[in-house]
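A look at the structure
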Amino acid sequence: MMLRLNPSEHGWMTALSTNAVMDALDADGGGARFVGGAVRNALLGEKVGDIDIATPLTPDEVIRRLTRAGLGAVPTGIAHGTITAISSGKPFEITTLRRDVSTDGRRATIAFTDRWDEDASRRDFTMNAIYAARDGTLFDPTGGQVDIAERRVRFVGDAATRIREDYLRALRLFRFHAWYGRGPIDATALAAARTEKAGLKTLSGERVQKELFRLLQAPDPIPTLQTMESAGILAEILPQPLSIARLSAIRTLLAARGRHPIPAVSLMAMLPNEEAARRASTDLRLSNADRDRLMHIAKRDDGIEASLSQQAARHLIYRLGAARFEDELLLEASETPHDSRWDVLLSEAENWKAPKFPLDGRDAMDAGASEGPAIGRSLKAVEEWWAAENFAPTRPALLRKLKEFLAAGGA
Ligand code: ATP
Ligand code: MG
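All values reported here derive from a predicted model rather than from experimental measurement.

1. Topic: unusual backbone geometry
The omega torsion across Gln 240 and Pro 241 is -5 degrees, close enough to zero to call that bond cis. The topology assignment puts Pro 241 in the loop between helix H12 (234–237) and helix H13 (244–255). For Arg 285, which is not glycine, the phi torsion reads 50 degrees and is therefore positive. Within the fold, Arg 285 resides in the loop between helix H15 (274–283) and helix H16 (288–299).

Structure below.
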């Protein structure tokens, strides 16, 4: 196997921000190696995101060294050994080598260690347990490079045991497979995930949401979702019955436009109804923004249909905003994805710039509206007229309309 990553081919290894952190940690034989997603993705030829670093230095020593080097040191998870360094504004997760003392399926009690192989054996997958020194020398105690070459997500150690230690790993299995796997999912891992699936119910909603959303953001999550569905995994974390076909239809519609759905929309696409949307929002502790978005889509009461005229579509886009219009449209369209009129409506949502209503409260007061509610009511009436006229009337015409409205005692 490769034995080395060539730092000159991987800009993140030699960036000034990275060097500052590694200089601080590695001085006087401190010891620090890259690990996790950065090393995995570099070996896979995939984009490298956040950088994780492992070190035998204790968290206190890590903080001392970072501070002495003038870098930011945030104790983001100091109890389990993680300090976030901030270097040129960029975060680096630095974690002291650890071994598990005990586990309960949700969180582990750990002890620090100075042994790299112990640290590797508590990591989840072989492809996530490869360490790279600054010069690119690899330390790969679990044989991760072979699995990377074959794009196989394999547990470090016995799959069922590792899942029982932390049930989230059963979801991470599918997430990493969707992103980086090729061919069918590792049979041993899948069998273990199926056997242990009931444990997923014990996880916090936040952790499940995070994994599920990252899975939904994979380039093509559909085959993996189908595997999870037939193994009964999704039923443990989402209300039933799910429709993966509907999500697939939406993905196809958007893919033709070079786009993909955001996780909340993907999730809603699979759910059967409003009640399920409400349950999933609660169970997964969705953010308020995501919950609102889900519930809007679930209600779908704005009359979006394939036969909408351009004018009617623009009214709706103006009233709902392009994002919400699209959300509802996509769900509607998933029932009849071959109707080419959906594409025309999607183009409208993408390209039409909703105009800004040219009048405001001052105009209403100048026109004689006196108290607060009258201002709002008269503006609203004129705005509706303006929209019905296809947003064509300009400011002078709108001011005339406003005066007419007020004169007629409309406010
Ligand atoms: P990415 O950042 O691209 O999502 P990653 O592999 O870096 O992928 P992180 O969640 O950042 O994922 O975790 C960093 C590393 O920590 C992992 O590569 C893995 O070695 C280890 N790890 C994370 N979560 C777990 C877990 N639940 N069980 C065991 N090891 C874990
Ligand atoms: Mg990471």
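On we go from here.
2. Some thoughts on the packing of aromatic side chains
Per the counting criterion, the structure on display carries twelve aromatic pairs. On the numbers, 4.9 Å between centres and 80 degrees between planes, the contact of Trp 12 with Phe 34 is edge-to-face. Here Trp 12 is found in helix H1 (residues 11–14), whereas its partner Phe 34 is found in strand E1 (residues 33–35), with 22 residues between them in sequence. As far as the burial class goes, Trp 12 and Phe 34 line up, both buried. Geometrically, the ring pair formed by Tyr 131 and Phe 139 is tilted, given 5.9 Å between the ring centres and 45 degrees between the ring planes. Relative accessible area serves as the criterion here: at 0%, Tyr 131 is assigned to the buried category. Through a chain of ring-to-ring contacts, three or more aromatic side chains come together here, namely Phe 125, Phe 155, Phe 176, Trp 179 and Tyr 180. Geometry around Trp 116 places Arg 33 over its ring, the cationic atom sitting 4.3 Å from the centre. When the ring centre of Phe 92 is taken as reference, the NZ or CZ atom of Lys 90 above it lies at 5.3 Å.

3. Quick notes on the site of ligand 1
The local shell around ligand 1 holds 14 residues, among which Arg 40, Asp 166, Arg 169, Arg 175 and Arg 214 are the closest. Arg 172 has a polar side-chain atom sitting 3.3 Å from a nitrogen atom of ligand 1. Taking Arg 214, its side chain carries an N or O atom lying 2.5 Å from an oxygen atom of ligand 1. Here ligand 1 loses 79% of its free accessible area of 580 Å² to cover by the protein chains. Residue assignment for the shell around ligand 1 shows that the elements contributing at least two residues are helix H3 (37–44) and helix H8 (168–180). Looking at the shell around ligand 1 element by element, the count peaks at four residues for H8. Of the residues contributing to the shell around ligand 1, the split by class is one nonpolar, three polar and ten charged.

4. Considering the environment of Arg 107
Positionally, Arg 107 belongs in the loop between strand E6 (98–103) and strand E7 (108–112). A C-alpha to C-alpha distance of 63 Å links Arg 107 and Leu 402, two positions 295 residues apart in sequence.

5. Some details on the packing of helix H14 (residues 263–270) against H16
Where H14 contacts H16, the axes come no closer than 9 Å and their chain directions differ by 40 degrees. In terms of orientation, H14 and H16 fall into the oblique class. When the axes of H14 and H16 are compared, the crossing they make is right-handed. Across the interface between the two elements, Ala 264, Val 265, Leu 267 and Met 268 of H14 pack against Asp 290, Arg 293, Leu 294, Ile 297 and Ala 298 of H16. Grouping the amino acids of the contact of H14 with H16 by side-chain chemistry returns seven nonpolar, no polar and two charged.

6. A word on the pattern of salt bridges
Inspection of every chain in the model, using the stated rule, returns 40 salt bridges. Ionic pairing is found between Glu 275 and Arg 278, a salt bridge with its closest N-O pair at 3.5 Å. In this pair, Glu 275 and Arg 278 are both assigned in helix H15, three residues apart and thus about one turn of the helix distant. On the basis of relative accessibility, which here comes to 48%, the residue Glu 275 falls in the partly exposed class.

7. Focus on the packing of H8 against helix H11 (residues 222–230)
In contact at an axis separation of 9 Å, H8 and H11 are set at 155 degrees when each is read in the N-to-C sense. Put simply, H8 runs roughly antiparallel to H11. Where H8 crosses over H11, the two elements pack in a sense that is right-handed. Each of Leu 171, Phe 174, His 177 and Ala 178 in H8 lies in contact with H11, whose residues at this interface are Thr 224, Thr 227 and Met 228. Grouping the amino acids of the contact of H8 with H11 by side-chain chemistry returns four nonpolar, three polar and no charged.

Reading the values: rules and limits
Residues numbered from 1 in each chain as written. Chains lettered and ligands numbered in written order. Predicted model: local features only at pLDDT ≥ 70, side-chain atom pairs only at ≥ 80, totals over all residues. Heavy atoms only, no water. Helix = DSSP H or I, 4+ residues; strand = E, 2+ residues; numbered from the N terminus. Phe/Tyr/Trp six-rings, centres within 6.5 Å; stacked < 30°, edge-to-face > 60°. Buried < 20%, exposed > 50% of the residue type's maximum accessible area, 1.4 Å probe, protein only. Lys NZ or Arg CZ within 6 Å of the ring centre and 35° of its normal. Near = heavy atom within 4 Å. Polar contact = N/O pair within 3.5 Å; in protein donor to acceptor, adjacent residues only side chain to side chain. Areas by Shrake-Rupley, 256 points an atom, 1.4 Å probe, with all protein chains shown as cover. Nonpolar A, V, L, I, M, F, W, Y, C, P; charged D, E, K, R; others polar. Axes fitted to C-alpha atoms, helices over the stretch in contact; angles between N-to-C directions. Parallel < 35°, antiparallel > 145°, perpendicular 65-115°, else oblique. Left-handed = near helix turned anticlockwise from the far one by under 90°. Contact = heavy atoms within 4.5 Å. Salt bridge = Lys/Arg side-chain N within 4 Å of Asp/Glu carboxyl O.

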